[in-house]
Amino acid sequence: MTSSAQKPRFRKIQSFRTDYAPTDITQYESERSGMRVVVADRKGPKINGYFTLATEIFDDSGAPHTLEHLVFMGSKNYKYKGLLDKLAGRAYSNTNAWTAVDHTAYTLETAGWDGFAQILPIYLEHVILPNITDDACVTEVHHVDGEGNDAGVVYSEMQALQYSSTELMDLRARRLLYPENIGFRYETGGMMEALRVLTPERIRAFHRAMYHPQNLAIIIVGEADHESLLSILDEFEESIKDDVPLLNADFKRPFVESPQPPPLEKTTVETVEFPEEDESTGEIVVGFFGPSCNDQVQATALNIIMTYLCGSSVSVIENTIVEKEELASSVSWWWDSRPNSVIWFQPTGVATEKLDFVEQRLISLLKEVASKPLDMQYMMECIQRERRQIKFQAEGSEQFYSSNIITDYLFGKRDGSTLAELQTLDEYDVLESWNDGQWRDYLRKWISDAHHVSILGKPSMKLATGLKEAEEARLAKRREELGNEGLELLKEKVENAKKHNEKPIPPEVLDQWPVPKTTSIHFIESATARSGKARSLGTPQNAAQKVIDAAAPADFPLFIQFENVPTNFVHLTVHIGTSETPVKYKPLLPLFADNFFNSPVMVDGERIGFEDVVKRLEKDTVSYQISGAGRVGDNEGMTLQFQLEPEKYTTIIQWLRTLMFDLVFDPVRLKAAVVKALADIPEAKRDGRAMALEVDMAIHMLRESYPVAKRTLVKAVYLRRLKKLLEKEPETVVGWFEELRKSLFTFQNIRVLVTADVAKLPEPVSAWKTLNKGPGLDTSKDILPITRPVAMLNNEGKTPGSFGSVVIPMTTLDSSYSVSTAVGLKSYADPRLPAFLVALGYLEAVEGPLWNAVRGNGLAYGVFFTREVDAGYLQFRVYRSPDASKAIEASRNTVAKIAAGEEPLDRHLVEGAVSGIVLAAADEQATMAAAAQQNFIVGVVRGLEPEWNRKMLARVRDVTPDEIRAVMRDLILPVFEAGKSNVVVTCAPIMEENIVKALSTMGYKTQVQPLSHFYDDYGLQAGEDEDEDEDEDEDDEDDGSGGSDKDDSDEEMDG
Ligand SMILES: [Zn+2]
């Protein structure tokens, strides 16, 4: 490096270690430009960068958001779209960005410092000196296509958003909170009508106004090399100094040096309609101005009081409005961190005719709470819990640092004094000393006695049709004005712009940067130790095993794997197998999970109500969850998870025993869970992606499989009948749950993972003795094997191809989704695995072959392969497509050409695919808890050798082009072949005919079926009034508007 003569011109403002987590925070400032740098050093393989600019604008033009997209289209010295992403892709990195109302942040996540250091200067040049061409604005921002439709990446993004209830209500609320001279008032994403007239010059002007180095903060969380960082930044400043002034004396800090919003002079309640065909339920937002985010005590008090009011089912607002009065399905809250913060309450699922009433009820309830003494014991528990959770987040999530540092950069003091407050959690000590009077004063001042803005969101069918008609009329008028000639010109314009944007990157350009070494990627070491039945998997030679051996009583049978990491917390995972659960009870499992932490229990012969159970669990844990065991690599099992402090270790194990064996199945709680689950079904059934997957499962998997049993297509029939049965014969249903519980909590089903600093645990093994006896815990039995995914395939699943294809028209869709299934790998030991992973990474790369063939040609929003390595199947999925059959065909042709060698493999993309596998491995092991869990997955669930991950990363590097082509030919191409694969398509009814024709032409046997064809009641018979049910059901299928991305795969209750 030539600049080594010049010492970096960065001044260190401060450096400190947080006293609640092992993190060092260092703050620098450039003496030349005023650019800010904040590094939060913490151990782990991942480096996360957030390059943040404060962006303030006083209109809805969308300049901030469009600029964020255009930055990725090339820069002064690198005039190629996709160059940054291609380079990042082979440097173990990913780029992304977001635009908020007050800032734009560009993110760079990388495994290891070397990759980060390589991409950083190139990325920063894109941010400060982007090459904003008119052509880039055409494709990325907005254009009118050859058919007269509005298009463009940002335009389409905002089109999907602008008429959502959330957006309409939020924007109206902000219009009421802020006058026109305040930036928080505006839609920085861009309103559609404004985007249609936004000019490239306006975007460039916004860039000139805001994107100075002096308005830029480089925020990094991870293991950074400070010397290297400062010299890169110094060189970067040197390289741009002729293009932008490094210091602009007139520059004012956005928001901080602008006028501040005046206080509200009155309360305003307004109704905002949103387009929705189902007019039954609406929602509410209520906003208050709160304290300054720079006042640590006041701001933390806000988190506490809101947790006290609506943190869980036992807090007063939730408990009254949701649980007791059943006026809303939830009341959520959040606050916007600003000099004048905004506090939001959001009751959702409110009956439309009760919107007014519920808003008033919320306010009157808040006043009621403030008028009487508070429950100070619960308040204290809220403070302690909040402090535990902050410590926990600081240890495990990089977002804790990034979001605090971004807020401080935007609004804090420039001398570093506000950032310095991150060093301690002293504000919690102050709040612990607040008395009832102080808390109620606070509550009255900011909330219950304060003016506010309330928006009642009312669904409107009329608005939905009106908007559709107005849009069609607008487009028809435009088409008429343009005429065929005008449209033809527009088509040409877009095609030209595309051509200019897609200039290929010469290989020698990319070759200027060597692929970084992996030596700077520091994976977290977690040492495994085993006790009881787990010892049969081997007992490692290490200090942790010695601790466990010394602590374990003789012949202690329970299967426990310990993972030793230097954490301040204990992460308990109890894995429960479901292989002994009778098939007929499997559809009950999601309800069982929903109720598990929300039911009464018996303790010493005394019944404890569910509210007390929740309160005690909150007091003894950081958080707790029950869910499917997919997160530990087993889709067929369940997991109970607790995060806690070491001193609560024994207490939680006692709790676990109580919940497992002394929980009371209360028909009232069960019915509430059934009603809630039923309410989610119509929305889930509108989701074309999820429904295609559910039908695919029905075709290829056994009904014993847990994911098969918990499908919406099962719930749709099963839950209605169960609800009736609960009314008529509650004891029968309770009896089923008892049976279900017995089948789950047996000794041979239980495997425990304890992640902790094992030396800190008082009795790491014998604390579990409570689980050695008890109903069903026959410790003489052998532990049951974890079900292999491949064992859940039915005959069609083992050799797909004879079913052919099925097309399912859905009135709620306006596009199509598909899932194609063929034979896949069955085992992690398959020698083709490394080449398989590289081939998939190659095909799916950003700006890679499938991206260009499918997304680039507008054939689908995306196409993906699944990576379940030992499931025995390979899936190819098309996501949101105007015609899924065309996307399938284009993908097949692309893969076939590469497999046959007609199209050579792009060396840089192969490097990118290998690097992507390394980044994915770093992602899986980014924190201590994740690294520990990975050991459990590798050793216990998958039965692989301890070094398996490391060896695999070495092997993917040696994959040859011939091996990649062989895998594409033998494993991947069959997923596109009739006779070797089956296809499920969900689509808008209008697409049915063409798709059926196309699939037949490809050689697939085809059939058309309604969704209800794939319902399964799991043997739960209908009562005599079933007819009525089926009618109700048909209605469901016809209502609704559009799909949703809701992932129904993992039901979960969080504490
Ligand atoms: Zn965007």
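Here the residue index of a chain counts from 1 through its sequence in written order. Only residues with pLDDT of at least 70 get local features here, since the model is predicted, and only at 80 or more are side-chain atom pairs given and counted; chain-wide, interface and lining totals rely on the full set of residues. Remark: hydrogens and water are excluded; side-chain values derive from all non-hydrogen atoms of the structure.

Atoms are scored as donors when they are N, O or S and lie within 2.8 Å of the metal, with 3.2 Å used for Na, K and Ca; no water is included, so coordination may look incomplete. Summarising the metal site, the zinc ion is bound by the protein donors His65 (NE2), His69 (NE2), Glu157 (OE) and Glu157 (OE), whose distances to it range over 2.1 to 2.5 Å. Here the zinc ion is ringed by four donor atoms whose angles at the metal span 56 to 151°, and the overall shape comes out irregular. The motif formed by the donor residues of the zinc ion, counted along the single chain, is H-x3-H-x87-E. Here Glu157 lies in helix H5 (residues 153-159) and His69 lies in helix H1 (residues 63-70), a separation of 88 residues in the sequence. Exposure classes here rest on a 1.4 Å probe applied to the protein chains alone. A residue is buried below 20% of its type maximum, exposed above 50%, and partly exposed in between. Take Glu157: its relative accessible area is 36%, and that puts it in the partly exposed class. Just to be clear on the cut-offs, tetrahedral is four donors with all angles between 85 and 135 degrees, square planar is four donors and octahedral six with opposite donors over 155 degrees apart and all others between 65 and 115, and anything else goes down as irregular. In this text, helices come from DSSP runs of H or I with a minimum length of four residues, and strands from runs of E with a minimum of two, each type numbered from the N-terminal end.

Within the secondary structure layout, Thr927 lies in the loop between helix H32 (907-924) and helix H33 (928-941). Under the rule applied, a polar contact is a pair of N or O atoms within 3.5 Å (in protein, one hydrogen donor and one hydrogen acceptor; residues adjacent in sequence only if both atoms are side-chain atoms). Of the polar contacts made by the side chain of Thr927, one reaches the backbone nitrogen of Ala930; its length is 3.1 Å. Contacts: residue pairs with any heavy atoms within 4.5 Å of one another. Ignoring any residue separated from it by four or fewer positions in sequence, one finds Thr927 in contact with Gly396 and Ile524.

The length a helix should cover is 1.5 Å for every residue beyond the first. Compared with the 21 Å implied by 1.5 Å per residue over 15 residues, the 21 Å span of helix H27 (residues 730-744) between its first and last C-alpha is a close match. Those residues of H27 that sit buried are Val733, Val734, Phe737, Leu740, Arg741, Ser743 and Leu744. Packing partners of the buried residues in H27 comprise strand S18 (570-576), helix H20 (589-596), helix H22 (649-661), helix H23 (667-685) and helix H26 (712-728).

The next thing to look at is the confidence of the model for the chain. A low pLDDT means the predicted coordinates there should not be read in detail. Looking at any residue, its pLDDT shows the predictor's confidence there, from 0 to 100. This prediction gives the chain a mean pLDDT of 93; 96% of its residues lie at or above 70. With pLDDT under 50 throughout, residues 1028-1055 is counted as low confidence; its partners more than four residues away or in other chains account for 71 contacts.

Let us look at the sheet that holds strand S5 (residues 93-99). Spatial strand order, S1-S2-S3-S9-S4-S6-S5: seven strands in an open sheet with mixed pairing. Strands with a single pairing partner mark the edges of an open sheet, and in this sheet they are strand S1 (10-17) and S5. The average undirected angle you get between the axes of adjacent strands in this sheet is 15°. Where S1 meets strand S2 (residues 24-30), seven bridges bridge the pair, whose relative direction is antiparallel. Paired with Lys12 across the strands is Tyr28, a residue of S2. Angles here are taken between N-to-C directions and fall from 0 to 180 degrees, while the axes themselves are lines fitted to C-alpha atoms, restricted in helices to the stretch in contact. Across the sheet, helix H9 (residues 226-240) lies against S1, S2, strand S3 (36-41) and strand S9 (216-221), angled at about 160° from S3, the strand it touches most. DSSP bridges decide pairing: two strands pair if at least two such bridges lie between them.

With that settled, the discussion passes to the packing of helix H10 (residues 296-310) against helix H13 (residues 376-396). The N-to-C vectors of H10 and H13 enclose an angle of 120°; their axes lie 9 Å apart at closest approach. It follows that H10 is oblique to H13 by the angle criterion. By crossing handedness, the relation of H10 to H13 is classed as right-handed. Each of Asn303, Ile304, Ile305, Thr307 and Tyr308 in H10 lies in contact with H13, whose residues at this interface are Tyr378, Met379, Cys382, Ile383 and Glu386. Here the word oblique covers every angle except those under 35 degrees (roughly parallel), over 145 (roughly antiparallel) and from 65 to 115 (roughly perpendicular). Throughout, a crossing is termed right-handed when the near helix is turned clockwise from the far one, and left-handed when it is turned anticlockwise from it by less than a right angle.

All right, on to the state of the cysteines then. Disulfide: a covalent bond formed between the sulfur atoms of two cysteine residues. Working definition: a disulfide is two cysteine sulfur atoms within 2.5 Å of each other. For the structure shown, the criterion picks out zero disulfides. The cysteine Cys382 is free of any disulfide, with Cys310 supplying the nearest cysteine sulfur at 11 Å. You can call Cys382 buried: its relative accessible area is 4%.

Within the open sheet, the six strands sit side by side as S26-S27-S25-S28-S24-S29. Their pairing is mixed. Edge strands, defined here as strands with exactly one partner in the open sheet, are strand S26 (862-865) and strand S29 (1006-1008). Pairwise comparison of adjacent strand axes, ignoring direction, gives a mean angle of 15° for this sheet. Taken together, the six bridges between strand S25 (residues 816-823) and strand S28 (residues 982-987) define a ladder with antiparallel strand orientation. For Tyr817, the partnering residue across the bridge sits in S28 and is Thr986. Seen against the sheet, helix H29 (residues 833-844) touches S26 and strand S27 (873-881) and runs at an angle of roughly 180° to S26.

The next point concerns the UniProt feature "domain: Peptidase M16 C-terminal" (unreviewed entry) in the chain. UniProt records the feature "domain: Peptidase M16 C-terminal" (unreviewed entry) at residues 198-378, using the numbering of this structure. As annotated, residues 198-378 comprises 39% helix and 22% strand, and the C-alpha atoms at either end are separated by 53 Å. UniProt positions are given in the numbering used here, feature names are shortened, and annotations may be inferred rather than shown by experiment.

Take helix H35 (residues 961-972) next. Along H35, the residues classified as buried are Ile964, Arg965, Val967, Met968, Leu971 and Ile972. End-on view of H35: buried residues confined to an arc of 165°, all on one side of the axis. Residues of H35 that are buried sit in contact with S25, H29, S26, S27, helix H31 (884-899) and H32. Taken from the helix axis, the directions to the C-beta atoms give the arc we talk about.

What follows deals with the UniProt feature "domain: Peptidase M16 N-terminal" (unreviewed entry) in the chain. Taking the numbering used here, the UniProt-annotated feature "domain: Peptidase M16 N-terminal" (unreviewed entry) corresponds to residues 60-147. Helix makes up 43% of residues 60-147 and strand 20%. Its end C-alpha atoms lie 27 Å apart.

What follows concerns the pairing of strand S15 (residues 453-460). For S15, the tally of buried residues reaches seven of eight residues, placing the bulk of the element in the interior. One ladder, built from eight bridges, connects strand S10 (residues 268-275) with S15; its direction is parallel. Each residue of the ladder has a partner; that of Thr268, found in S15, is Val453.

Ranked by size, the top nonpolar core spans 188 residues in total, and within it Leu309, Phe345, Phe642, Tyr649, Val754 and Trp768 carry the most contacts. For Phe642, the residues in contact, after removing those within four places along its chain, are Val570, His571, Leu572, Phe597, Leu617, Thr621, Ser623, Tyr624, Ile652, Leu656 and Leu659. Here, nonpolar core refers to any group of buried Ala, Val, Leu, Ile, Met, Phe, Trp, Tyr and Cys residues whose side-chain atoms link them within 4.5 Å. If you look at the next biggest cluster of nonpolar residues, it comprises 70 residues, including Ile898, Ala921, Ile964 and Phe976.

Let us look at unusual backbone geometry. Look at Arg880: it is not a glycine, yet its phi comes out positive at around 50°. Take Arg880: it is sitting in strand S27. Judged by relative accessible area, Arg880 falls into the partly exposed class, the value being 38%.

The side chains of a regular strand alternate between the sheet's two faces. Of all nine residues in S27, seven are buried; the element is thus mostly enclosed. Bridge analysis of S25 against S27 gives seven bridges, and the strand direction is antiparallel. Across the sheet, the residue bridging to Ala822 is Leu874, located in S27.

Centre distance within 6.5 Å is the pairing criterion for rings of Phe, Tyr and Trp, where only the six-membered ring of Trp is used; planes under 30 degrees apart are then read as stacked, over 60 as edge-to-face, and the remainder as tilted. In the structure shown here, the tally under the stated rule is 40 aromatic pairs. A centroid spacing of 5.3 Å and a plane angle of 85° characterise the contact between Phe51 and Tyr123, whose relative ring orientation is edge-to-face. Of the two residues, Phe51 sits in strand S4 (residues 46-54) while Tyr123 sits in helix H3 (residues 113-128), which places them 72 residues apart along the sequence. For the pair formed by Phe51 and Tyr123, the shared burial category is buried.

What follows covers the side chain of Thr424. Here Thr424 is to be found in the loop between helix H14 (398-411) and helix H15 (426-432). Side-chain polar atoms of Thr424 contact the backbone nitrogen of Asp426, separated by 3.2 Å. Setting aside residues no more than four positions away along its own chain, Thr424 makes contact with Asp19 and Tyr20.

Further remarks concern the pattern of salt bridges. Any Lys or Arg side-chain nitrogen located within 4 Å of an Asp or Glu carboxyl oxygen qualifies as a salt bridge. This structure, assessed with the given rule, holds 56 salt bridges. One salt bridge connects Asp243 with Lys76, and the closest N-O pair in it is separated by 3.2 Å. On the criterion of sequence distance, the pair formed by Asp243 in the loop between H9 and S10 and Lys76 in the loop between H1 and helix H2 (83-89) is long-range, its members being 167 residues apart. Its salt-bridge partner being Asp662, residue Arg657 comes within 3.9 Å of it at the nearest N-O pair. Look at Arg657 and you get buried, because its relative accessible area is 19%. Classification of Asp662 as partly exposed rests on a relative accessible area of 27%.

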